[in-house]
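# Coordinates in review
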Amino acid sequence: MFATRVLRQASHHVERTPSIKFIGRRTTPASVDHSPQPHPASPTHSLPASFTSGSSHATFSVYRDHAQQFGPLRKTIKANAGIGAVAGSDLGPVAPPKGVFFDRNDLPARFHRQPLTAAEIEAIETGGAALFS
Amino acid sequence: MLSQRLIGRTAVKSAFRPSGLPSIVSAPRWRRTYATQAEERDLVIIGGGVAGYVAAIKAGQEGMKVTCIEKRGTLGGTCLNVGCIPSKSLLNNSHLYHQVLHDTEHRGIEVGDVKLNLKQLMKAKDQAVTGLTKGVEFLLRKNGVEYLKGTGSFQDEHTVKVQLNDGGETSVVGKNILIATGSEVTPFPGLEIDEKTVISSTGALSLEEVPKKLLVIGGGIIGLEMASVWSRLGSDVTVVEFLDQIGGPGMDTEISKNIQKILKKQGINFKTGTKVVNGEKTGEGVKINVDSAKGGKPETLDADVVLVAIGRRPYTGGLGLENIGLELDERGRVIIDSEYRTKIPHIRCIGDVTFGPMLAHKAEEEAVAVVEYIKKGYGHVNYGCIPAVMYTFPEVAWVGQSEQDLKKAGIKYRVGTFPFSANSRAKTNLDTEGMVKMLADPETDRLLGIHIIGPNAGEMIAEGTLALEYGASSEDIARTCHAHPTLAEAFKEAAMATYSKPIHF
């Protein structure tokens, strides 16, 4: 009696496991330690003292709290920091309550309609003739 | 009444046509204004070379507001303008010329009068460069990157002053700033580069005539590529190298010896283990005094042109690092941490100007990683898996560790080799010089390094790099089906030789 091809293949796989493994979709780890570490290609494999005791900030953590940066460097933003202190999504919906309508004049002045000038009114009323008189 | 209204409306409409009307009607009804005059950018990149422009595109794709500052006037940096790209054009076309001259008869092709048109050769190179640099400019526009042509220097930790190429000055404020200013040719002390008789790699790409005698100081990759070009075009080339091997310290010693023999056969002379003492320009050319590296064998060499190819050094001139207190290491590199941050964490640095090999593809990897660090807090570059290629003929390529690296580190290894002379496709192509060499862990069989001399080695090394990145064993490659007849079969057979035995050798 001969083993089927499937069985033969299965036994072959038992004998040899490839080193290459499918690791699945790459994801960003939930927590990453951002404290300064030497660059892998650094010849000295060390960082100067200035990296851990910056000139204006005692620690990297302090720097993170003060740094202006796009992206995830900043851990937290202080509650009294004004605009930007709270994430937009936490402020609730921007739509007005039912039965209430926003008026253009509620917006900052730069969004208001610009007033028509007398010359413009004249131009409209005369069908443009005032422009050439 | 109705028709009168209609006429009135039409008249009003026509009154608002912009052409030839007084300003009150052609002026925009809505004016956009910004909260501040100088808009803060999410990322300001100083340098539009491979590192800079790739970071700019990636950041643009990530939705960041990006400004890229470049002073050359064209994007792509050394690689596209005076490095990888123009040299590959010259290498490819000079190889064709050399092959037509010397390698056709035994293939059954009789060629008539073959002439070199150096002007056209250079024009073809320039066209390749222009096409690619314009392409990069288009990509920046496509990804919404603001491109400033000028010289950027730090005013303070968040402000970069830009001296515009067209005159005038502006400044940009960035939440993040990326230094990607690249590298420049290292000059040889006492030999002033005039790009006519004493040239750098830049000058070697645009000589107006083929020099009778060319002396190359430095037998690294750049020196050997340029030596190949001008030797093929008719120069008598001598390469002087301080080390005992050519190709630089990263090249596997066995591979280095092999390629030296092959290049010697092509007509290039080598003086390894030789130091250049000094040199002087004479009316007709240059005299170079050399000695053995250990001393005691002084000699004078004459040349029409001397190419200084002793390496490159980081370029930070005029960057104003002193204004922000950033320090450099003893070789002039910007010191960074593992996330490419300088000691001022929102100022990061990538490419030739900092640690690691000065390779365009390494800079490209870093460019993507640094933007990912800024945007997502997580990036990836495997510095143990960066391929290197020398585009001579045959090409030399490697990735991972060399035999001498492993010996030095005391790591045990197993070697497997396969020569192209036993590969069917190489035989049919009549290009049988070279070999594939693999190094693997004797216990786990995991690949440690791959070294290739051979036609298209630069393409073949991609398979090795992928295998190394995935942590493959030599058996994994050996058990992977490779098409027949291809040069890639030599790669598979070398893997077979590493873990067991090759079939065809």
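Quick caveat, the model's predicted, so the values are computed rather than measured.

A count of helices and strands for chain B gives 15 helices and 21 strands. Taking all 505 residues of chain B together, 51% fall into the buried category. Partitioning the contacts of chain B with sequence separation of at least 6, the portion at a separation of at least 24 is 61%. For chain B, the exposed surface amounts to about 23800 Å²; the carbon and sulfur share of it is 51%. Positive and negative charge centroids in chain B, built from 59 and 60 side chains respectively, lie 6 Å apart.

From N to C terminus, chain A includes 4 helices and 0 strands. Shown N-terminal to C-terminal, the secondary structure of chain A runs as helices and strands in the order α-α-α-α. For chain A, contacts bridging at least 24 residues in sequence account for 10% of all contacts bridging at least 6. For chain A, the exposed surface amounts to about 10600 Å²; the carbon and sulfur share of it is 60%.

Residues and elements named next belong to chain B. On the basis of which strands lie adjacent, the open sheet formed by 5 strands has the order β7-β14-β8-β9-β10 and parallel pairing. Looking at the sheet topology across the chains shown, the edges are occupied by β7 (198-199) and β10 (269-271). Contacts from helix α8 (residues 221-232) reach β8 (213-217), β9 (236-240), β10 and β14 (305-308) within the one sheet, and its direction differs from that of β9 by about 165 degrees.

It is worth spelling out the UniProt feature "domain: Pyridine nucleotide-disulphide oxidoreductase dimerisation" (unreviewed entry) in chain B at this point. As recorded in UniProt, the sites labelled "domain: Pyridine nucleotide-disulphide oxidoreductase dimerisation" (unreviewed entry) are residues 386-495 of chain B. For the annotated span residues 386-495 of chain B, helix accounts for 35% and strand for 26% of the residues, and the straight-line distance between the end C-alpha atoms is 20 Å.

Counting 57 residues, the largest nonpolar core has B:I45, B:L140, B:F154, B:V160, B:I179, B:Y340 and B:I350 as its most contacted members. No other element matches helix α3 (residues 50-61) of chain B, which puts 8 residues into this core.

Glancing now at the domain arrangement of chain B. Looking at chain B, the domain boundaries give domain 1 (41-79 + 123-184 + 313-376), domain 2 (198-310) and domain 3 (394-499). Computed over C-alpha atoms, the centres of domain 1 of chain B and domain 3 of chain B are 36 Å apart.

Our focus in this paragraph is helix α5 (residues 84-102) of chain B. Residues and elements named next belong to chain B. For α5, with 19 residues, the first-to-last C-alpha span of 26 Å sits near the 27 Å given by 1.5 Å per residue. Considered for burial, the residues of α5 that qualify are P86, S87, S89, L90, L91, S94, H95 and Y97. Here the buried face of α5 lies against α4 (77-82), α6 (118-142), α7 (201-204) and α8.

This next bit is on the UniProt feature "domain: FAD/NAD(P)-binding" (unreviewed entry) in chain B. When the UniProt feature table is mapped onto this chain numbering, "domain: FAD/NAD(P)-binding" (unreviewed entry) sits at residues 42-367 of chain B. Helix makes up 30% of residues 42-367 of chain B and strand makes up 26%, while its end C-alpha atoms are separated by 15 Å.

What follows covers the pairing of strand β3 (residues 146-154) of chain B. All names here are of chain B. Examined bridge by bridge, strand β2 (residues 66-70) and β3 share 4 bridges and lie parallel to one another. The residue bridging T67 from the neighbouring strand is E146, located in β3. Across 5 bridges, β3 lies against strand β4 (residues 159-164) in antiparallel orientation. Paired with G150 across the two strands is L164, which belongs to β4. The loop that links β3 with its antiparallel partner β4 comprises 4 residues.

Residues A:I20, B:L466 and B:Y470 make up a contiguous nonpolar surface patch of about 300 Å² in total accessible area. Examined against the element boundaries, A:I20 turns out to sit in the loop between α1 (5-15) and α2 (49-52).

Proximity of charged atoms lets side chains of opposite charge pair with each other. All names here are of chain B. Summed over the entire model, instances satisfying the criterion amount to 23 salt bridges over all chains. Notably, a salt bridge pairs K343 with E327, separated by 3.7 Å at the nearest N-O pair. Taken together, the residues span a long stretch of sequence, with K343 in the loop between β15 (312-314) and β16 (347-349) and E327 in the loop between β15 and β16 at a distance of 16 residues. Taking relative accessible area as the criterion, E327 reaches 30% and is therefore assigned partly exposed. When the shortest N-O distance is used, the salt bridge between K437 and E403 registers 2.4 Å.

Moving on: the packing of α5(B) against α6(B). All names here are of chain B. Packing of α5 against α6 brings their axes to within 9 Å, and their N-to-C directions diverge by 145 degrees. Crossing of α5 against α6: the hand is right-handed. Seen from α5, the contacting residues are I85, P86, S89, L90 and N93; seen from α6, they are L121, M122, A124, K125, V129 and L132. Partitioning the contact of α5 with α6 into residue classes produces 8 nonpolar, 2 polar and 1 charged.

All names here are of chain B. Relative to each other, α3 and helix α10 (residues 360-376) sit at 35 degrees, their axes nearing to 8 Å. When the axes of α3 and α10 are compared, the crossing they make is right-handed. Contacts from V50, A51, V54, A55, K58 and A59 of α3 reach α10 at A360, A363, E364, A367, V368, V371 and E372. A class-by-class count of the residues in the contact of α3 with α10 yields 10 nonpolar, no polar and 3 charged.

Right, let's get into the environment of B:I255. All names here are of chain B. Structurally, I255 can be placed in helix α9 (residues 253-265). A residue is classified by how much of its surface remains accessible, and I255, at 2% relative accessible area, is buried. Linking I255 and V436, residues 181 residues apart in sequence, is a C-alpha distance of 9.3 Å. Not counting chain neighbours up to four residues away, the residues in contact with I255 comprise V396, M435, K437, H451, I452 and I453.

Conventions and cut-offs
Residues numbered from 1 in each chain as written. Chains lettered and ligands numbered in written order. Predicted model: local features only at pLDDT ≥ 70, side-chain atom pairs only at ≥ 80, totals over all residues. Heavy atoms only, no water. Helix = DSSP H or I, 4+ residues; strand = E, 2+ residues; numbered from the N terminus. Buried < 20%, exposed > 50% of the residue type's maximum accessible area, 1.4 Å probe, protein only. Contact = heavy atoms within 4.5 Å. Areas by Shrake-Rupley, 256 points an atom, 1.4 Å probe, with all protein chains shown as cover. Lys, Arg positive; Asp, Glu negative; His and termini not counted. Charge placed at Lys NZ, Arg CZ, Asp CG, Glu CD. Pairing = 2+ DSSP bridges. Axes fitted to C-alpha atoms, helices over the stretch in contact; angles between N-to-C directions. UniProt positions renumbered as here; feature names shortened; annotations may be inferred. Core = buried A, V, L, I, M, F, W, Y, C linked by side-chain atoms within 4.5 Å. Domains from an automatic or database assignment. Expected span 1.5 Å × (residues − 1). Patch = residues over 30% accessible without salt bridge, like charges linked within 9 Å, V, L, I, M, F, W, Y side chains within 5 Å. Salt bridge = Lys/Arg side-chain N within 4 Å of Asp/Glu carboxyl O. Left-handed = near helix turned anticlockwise from the far one by under 90°. Nonpolar A, V, L, I, M, F, W, Y, C, P; charged D, E, K, R; others polar.

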